[in-house]
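Breakdown of the fold
Chain by chain, the residues run as shown.
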Amino acid sequence: MASRPERLLRGSDSPLSASFLELFFDLAFVLALSQLAGHLLHDLTLVGALRTALLLAAVWWIWVTTTWFADWYDPESALVRWLLVGAALGSLLAGVAIPQALDGRGLLLAGAYVTVHVARGTVTAFALRGHPRQKRAVRILCWFGVSAVPWLVGGFLPEWRVPLWVLALALDFTGPRLGWPVPRLGRTNRQDLHLAGEHFAERYQQIMIIALGELVLVAGLSYAGTHLDLPQTAAFLLVFATAVLTGLLYVTPAGQRLGPAIEHADPSRLGVITGYLHLVMIAGLVVTAVGAELSIAHPTRAADMTAAVVILGGPMLFLVGRILFSLSIHRRLSWPRVVALLVLAVGAAVLRLPLLAVSAVATVVVLSVVVLDHAGILSYHRIRNPD
């Protein structure tokens, strides 16, 4: 009979599909993405983009660490269920704080972030007492305990908030890559960092659907607020096409091979790196949503530098993450995607066409990549199966 700490851990016979509460937890991320898009839309400057990126990184790390937690622990355990509910509440509060997180609601975001990580680490470390995996929980708790200081101090001191939170995020993002080393406890070994590839790949696909859903929602709401004229209808259809094509670009082919890749790779490398790269792709979808709102609301307005960068910059960011994603799994560079990235970069610098035309350029470039990807896959299969 398994000991009580042993029953807390995910067993080899546990289902690899996402549990109901994991999907419920994702709902809180819907609010965060919507708030982030609004935050960027109201400050379309380089400083505004960097501030939005800081906030996105914070809420994203709640999602990533909660996904690791649900991968390591039994989702049928009552304790794990309550911790998932708590993480959902913390994420929701962080989303509520986003519009004014760098002004009057900094302490709300910092408090929600720190509480999710420290409470989870404290509970699991206590629940696993006497079990070898307790050391992993203690190491993670120590790292989040250290980063909690700049998080909370930044919440109290608005003038120091940004640099302190950058420092805190640097600690949080670096910890898993190093194995959360702690004096006298050492670092977490590869076996303790093992991730169930099938579960993790499914969770990443689910959060990408959430982000694509936010893009479609923004497009629909923006279109609903117009007179439904021909230019606005065309802009809406282009955004919808971009969302569909972006989804196809994600799943073909590396997105479908993520599970086996994580299962057999060093989790301190691929398991962590994919978290970073999905952050870049999610950021691209947030920027794309902002560009969608601009192009649908003002399709005939001539694009200035800012609007062109936003509309083309979203697909650019997504492509950067997608290129590196394939590189990390296949160790192979996709040249059509690199060329597409350069085309978008040049377009952002020189195009001063109506916003509808700029949006069309983005859609055509993404379509071209999807078509070339599909052609490449067919050629690969013909070579492997010449009959």
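The structure reproduced in this document is the subject of the present report. The structure presented is a predicted model; accordingly, all values stated were derived computationally and were not measured. Every chain's residues receive numbers from 1 upward, in the order its sequence appears when written. Two thresholds apply to this predicted model, a pLDDT of at least 70 for residue-level local features and 80 or more for giving and counting side-chain atom pairs, whereas whole-chain, interface and lining totals are computed over all residues. The side-chain values count all of the structure's non-hydrogen atoms but skip hydrogen atoms and water molecules.

Secondary structure elements follow DSSP: runs of H or I of four or more residues count as helices, runs of E of two or more count as strands, with numbering from the N terminus. Within the chain one finds 14 helices and 0 strands. Reading the helices (α) and strands (β) of the chain from amino to carboxyl end gives α-α-α-α-α-α-α-α-α-α-α-α-α-α. When accessible area is computed with a 1.4 Å probe and restricted to protein chains, residues below 20% of their type maximum are described as buried, those above 50% as exposed, and intermediate ones as partly exposed. A burial count over the chain gives 53% of its 387 residues as buried. The contacts of the chain with a sequence gap of at least 6 include a subset with a gap of at least 24, amounting to 81%. Areas reported as accessible are Shrake-Rupley estimates using a 1.4 Å probe. Residue values count occlusion only from the protein chains shown. On the chain, roughly 17300 Å² of surface is accessible, and the fraction owed to carbon and sulfur atoms is 69%. Note on definitions: a residue-residue contact is assigned when non-hydrogen atoms from the two residues lie within 4.5 Å.

As a further point, take the nonpolar core. In this text, buried Ala, Val, Leu, Ile, Met, Phe, Trp, Tyr and Cys residues form a nonpolar core when linked through side-chain atoms within 4.5 Å. In terms of nonpolar packing, the biggest core is built from 105 residues, with Trp-60, Trp-68, Tyr-73, Leu-109, Tyr-113 and Trp-151 touching the most fellow members. With 15 residues, helix α3 (residues 46–72) is the single largest residue contributor to this core. Apart from the residues lying within four places of it in its own chain, the contact partners of Trp-60 are Phe-29, Tyr-204, Ile-207, Gly-275, His-278, Leu-279 and Ile-282. By size, the runner-up hydrophobic cluster in this structure holds 11 residues, among which are Tyr-223, Phe-236, Ala-243 and Ala-292.

Let us now look at the environment of Leu-167. The residue Leu-167 is located in helix α7 (residues 161–178) in this model. In this structure Leu-167 comes out as partly exposed when scored by relative accessible area, which is 45%. A C-alpha to C-alpha distance of 7.1 Å links Leu-167 and Pro-150, two positions 17 residues apart in sequence.

The next subject is empty space enclosed by the protein. Using a grid of 1 Å spacing that covers the protein atoms alone, one calls a set of points a cavity when a 1.4 Å probe fits there but cannot get out, and a pocket when the set is open and has protein on both sides within 12 Å along at least five of seven lines; lining residues are those with an atom within 4 Å of a point. Grid points are joined across faces, edges and corners, and a volume is the space filled by probe spheres set on the points. The tally for this structure, following the rule as stated, stands at 4 cavities of 30 Å³ or more. Considering only enclosed or pocket space, the largest cavity measures out at about 160 Å³ in volume. If you trace the largest cavity, you find 14 residues lining it, with Thr-65, Phe-69, Trp-72, Arg-120 and Ile-140 closest to the centre. Mapped by element, the contributors of at least two residues to the lining of the largest cavity are α3, α5 (106–127) and α6 (134–156). Residue classes follow a fixed rule: Ala, Val, Leu, Ile, Met, Phe, Trp, Tyr, Cys and Pro count as nonpolar, while Asp, Glu, Lys and Arg count as charged, and any other residue, Gly among them, counts as polar. Its residues assigned to classes, the lining of the largest cavity comprises 8 nonpolar, 4 polar and 2 charged. Put simply, the second largest cavity is a space of about 90 Å³. Lining the second largest cavity are Val-239, Thr-242, Thr-288, Gly-291, Ala-292, Ser-295, Ile-311, Pro-315, Ser-359, Ala-362 and Thr-363.

For the rest of this paragraph, the subject is the layout of surface pockets. To find leftover empty space, one rolls a probe the size of a water molecule over the atoms. If you add up the space inside the largest pocket, you get close to 710 Å³. In this structure, the largest pocket is lined by 27 residues; those nearest its centre are Ala-49, Leu-50, Ala-53, Val-287 and Leu-317. Listing elements by their share of the lining of the largest pocket, those giving two or more residues are α3, α7, α11 (267–297) and α12 (305–330). With 10 residues, α3 is the single largest residue contributor to the lining of the largest pocket. In the lining of the largest pocket, the residues fall into 22 nonpolar, 4 polar and 1 charged.

Before going further, it helps to examine the pattern of salt bridges. For side chains bearing opposite charge, pairing can occur when the charged atoms are close. Any Lys or Arg side-chain nitrogen found within 4 Å of a carboxyl oxygen on Asp or Glu counts as a salt bridge. Summed over the entire model, instances satisfying the criterion amount to 3 salt bridges. A salt bridge links Asp-26 to Arg-203, with the nearest nitrogen and oxygen atoms 2.8 Å apart. Here Arg-203 lies in helix α8 (residues 197–224) and Asp-26 lies in helix α2 (residues 20–41), a separation of 177 residues in the sequence. Each of the two residues, Asp-26 as well as Arg-203, counts as buried. Members of the salt-bridge network, linked through shared partners, are Glu-22, Asp-26 and Arg-203.

Moving on, we get to the side chain of Thr-242. Mapped onto the elements of the fold, Thr-242 is located in helix α9 (residues 230–251). In this structure Thr-242 comes out as buried when scored by relative accessible area, which is 5%. Beyond its immediate chain neighbours, meaning those up to four positions away, Thr-242 contacts Thr-288 and Thr-363.

To continue, consider the packing of α12 against helix α13 (residues 335–350). Here the axes come from fitting lines to C-alpha atoms, over the contacting stretch only for helices, and the angles between their N-to-C directions go from 0 to 180 degrees. Running from amino to carboxyl end, α12 crosses α13 at an angle of 165 degrees, the nearest separation of the two axes being 8 Å. With respect to α13, the element α12 is oriented roughly antiparallel. Crossing of α12 against α13: the hand is left-handed. Judged by residue contacts, Met-305, Ala-308, Val-309, Leu-312, Pro-315, Met-316, Leu-319, Val-320, Arg-322, Ile-323 and Ser-326 of α12 engage Arg-337, Val-338, Ala-340, Leu-341, Leu-344, Ala-345, Gly-347, Ala-348 and Ala-349 from α13. Its residues assigned to classes, the contact of α12 with α13 shows 16 nonpolar, 2 polar and 2 charged. Oblique is the label for any angle not under 35 degrees, not over 145, and not in the 65 to 115 range, which are roughly parallel, roughly antiparallel and roughly perpendicular in turn. For any pair of crossing helices, the crossing counts as left-handed if the nearer helix is rotated counterclockwise from the farther one by less than a right angle, and right-handed if it is rotated clockwise.

What follows is about the packing of α3 against helix α4 (residues 78–97). One way to put it is that α3 packs onto α4 with a least axis distance of 10 Å and a crossing angle of 170 degrees. Here α3 is positioned roughly antiparallel relative to α4, judged by the angle of their axes. Judged by residue contacts, Val-59, Ile-62, Thr-66, Phe-69 and Ala-70 of α3 engage Val-80, Leu-83, Leu-84, Ala-87, Ser-91 and Ala-94 from α4. Split by residue class, the contact of α3 with α4 holds 9 nonpolar, 2 polar and no charged.

With that settled, consider unusual backbone geometry. Keep in mind that most residues, glycine aside, have a negative phi and that most peptide bonds are trans. Here Trp-180, not a glycine, exhibits a phi torsion of approximately 45 degrees, which is positive. At Leu-228, a residue that is not glycine, the phi angle is positive and equals roughly 60 degrees. Relative to the assigned elements, Leu-228 resides in the loop between α8 and α9.

Everything listed is a geometric property; what it means functionally is a separate question.
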